[in-house]
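Letter by letter, the chains look like this.
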Amino acid sequence: MASIDKVAIGITIAVVAIALGLVAVSDSAQSNPPAASAPTAPAPVAPVEETSPQPDPFAELAAEVREEAEVEEMEAEVEEMEAEVEEMEAEVEEPSGPQTISVDMPSGTSVPGCEETNECFTPASITINVGDTVDWTNSDTAAHTVTGGSPADGPSGEFDSSLVLSGAQYAFTFEEAGDYDYFCMVHPWMVGNVQVN
Ligand SMILES: [Cu+2]
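Residues numbered from 1 in each chain as written. Predicted model: local features only at pLDDT ≥ 70, side-chain atom pairs only at ≥ 80, totals over all residues. Heavy atoms only, no water.

Asks: Hey, could you run me through the overall build of the chain in this one?
Replies: What the chain contains, in helices and strands, is two helices and eight strands. Listing the helices and strands of the chain from first to last along the sequence gives α-α-β-β-β-β-β-β-β-β. Out of the 197 residues in the chain, the part that is buried amounts to 21%. For the chain, the proportion of contacts with a sequence separation of at least 24, taken over those separated by at least 6, is 63%. (Helix = DSSP H or I, 4+ residues; strand = E, 2+ residues; numbered from the N terminus. Buried < 20%, exposed > 50% of the residue type's maximum accessible area, 1.4 Å probe, protein only. Contact = heavy atoms within 4.5 Å.)

Okay, structure coming up:
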């Protein structure tokens, strides 16, 4: 029994001694840092040429050209779209219903002369569509008529304003296609024509 205790004590002492020794070694290792971490003087670095992004002037130019081409393409597309929109607007504005066309009886037509330039009715010849209305305005000081027919053949009976006084108007809606001559019964040199499609 006593001998076992002695052995145990011996082992314990040995273990403690080894442990202390380890601690001592570890301490010394910490207090003496490894040479690797010792501060070293910076090694002289050879000046390195700045090779970083030195832009290729041609690449830049090419990119610019490409960009310009893209912008031009987009502008062309925009123009095309604008033209399409205009076309659509024109279609929308296209007379969908009957129109009214104005014809003037200019001042001075009560004396001959206007027939020389075919301006007794202005415009003297018009082309309209079935259902359209022609609105004649007397801008002269004298009274005139708008009478279907011709001075040679007389009134056709298709339309007749009777006397249109100065400043007054006469309107007629053409419901049938045809070629309508007309004249002024007071001043037979005054002639006009309405083509109805
Ligand atoms: Cu007249």
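There's more to say after this.
Asks: Which parts of the structure should I look at to understand the sheet that holds strand β3 (residues 133-138)?
Replies: Strand pairing in a sheet takes place through backbone hydrogen bonds and is either antiparallel or parallel in direction. A sheet is described by the order of its strands in space; here three strands give the open sequence β1-β3-β6, paired in mixed fashion. Only two strands of the sheet have a single partner each, and these edge strands are β1 (100-105) and β6 (169-173). Going across the sheet, the axis of each strand differs from the next one's by a mean of 20 degrees, ignoring polarity. Judged from the six bridges that link them, β1 and β3 form a sheet pairing that is parallel. If you follow M105 over to β3, its bridge partner there is N138. (Pairing = 2+ DSSP bridges. Axes fitted to C-alpha atoms, helices over the stretch in contact; angles between N-to-C directions.)

Asks: Even after reading the chapter, I still don't get the coordination of the copper ion, so can you show me in this structure?
Replies: Tetrahedral coordination by four donors sets the ideal angle at the metal to 109.5 degrees; octahedral coordination by six donors sets it to 90 or 180 degrees. Bound to the copper ion are the protein donor atoms H144 (ND1), C184 (SG) and H187 (ND1), situated 1.9 to 2.1 Å from the metal. Mapped onto the polypeptide sequence, the residues donating to the copper ion form the spacing pattern H-x39-C-x2-H. On the criterion of sequence distance, the pair formed by H144 in the loop between β3 and β4 (147-150) and C184 in the loop between β7 (178-183) and β8 (191-196) is long-range, its members being 40 residues apart. Neither residue differs from the other here; H144 and C184 are each classed as buried. (Donors = N, O, S within 2.8 Å, 3.2 Å for Na, K, Ca; no water.)

Asks: Can you walk me through the sheet that holds strand β5 (residues 154-160) in this structure?
Replies: With mixed pairing, five strands are arranged side by side in an open sheet as β2-β8-β7-β4-β5. Of all strands in the sheet, those bounded by a partner on one side alone are β2 (125-128) and β5. Looking at each pair of strands side by side, their axes are set apart by 35 degrees on average, direction ignored.

Asks: I tried to follow the confidence of the model for the chain on my own but got confused; where do I start?
Replies: Close inspection of predicted coordinates is inappropriate for parts of the model with low pLDDT. Per-residue pLDDT for the chain averages 82, and the proportion of residues at 70 or more is 70%. Predicted confidence is poor over residues 9-26, with pLDDT under 50, and the contacts of this stretch with residues over four places away or in other chains come to zero contacts. Contacts for the low-pLDDT stretch residues 31-36, under 50 throughout, to residues beyond four places or in other chains number zero contacts. (pLDDT = per-residue confidence, 0-100.)

Asks: I tried to follow the side chain of N138 on my own but got confused; where do I start?
Replies: In this fold, N138 is placed in strand β3. A distance of 2.9 Å separates a polar side-chain atom of N138 from the backbone nitrogen of D140. A polar side-chain atom of N138 sits 2.8 Å from the main-chain carbonyl oxygen of A142. (Polar contact = N/O pair within 3.5 Å; in protein donor to acceptor, adjacent residues only side chain to side chain.)

Asks: Even after reading the chapter, I still don't get the state of the cysteines, so can you show me in this structure?
Replies: Where two cysteines share a covalent bond between their sulfur atoms, that bond is called a disulfide. Applying the stated criterion across every chain yields a total of one disulfide. Covalent S-S linkage joins C114 and C120, the inter-sulfur distance amounting to 1.9 Å. Taking the sign of the S-S torsion, 95 degrees for the link of C114 and C120, the bridge is right-handed. Overall, C114 belongs to the buried group, its relative accessible area being 12%. Looking at C120, the relative accessible area reads 2%, which means it is buried. (Disulfide = S-S within 2.5 Å.)

Asks: Could you clarify how one ought to interpret the pairing of β7 in this entry?
Replies: Along any regular strand the residues' side chains alternate between the sheet's two faces. In terms of strand pairing, β4 meets β7 through two bridges, oriented antiparallel. When the sheet's bridge partners are listed, G148 is paired in β7 with Y182. Strand direction decides the pairing type here: β7 and β8, joined by six bridges, are antiparallel. Counterpart to Y182 in the pairing with β8 is G192.

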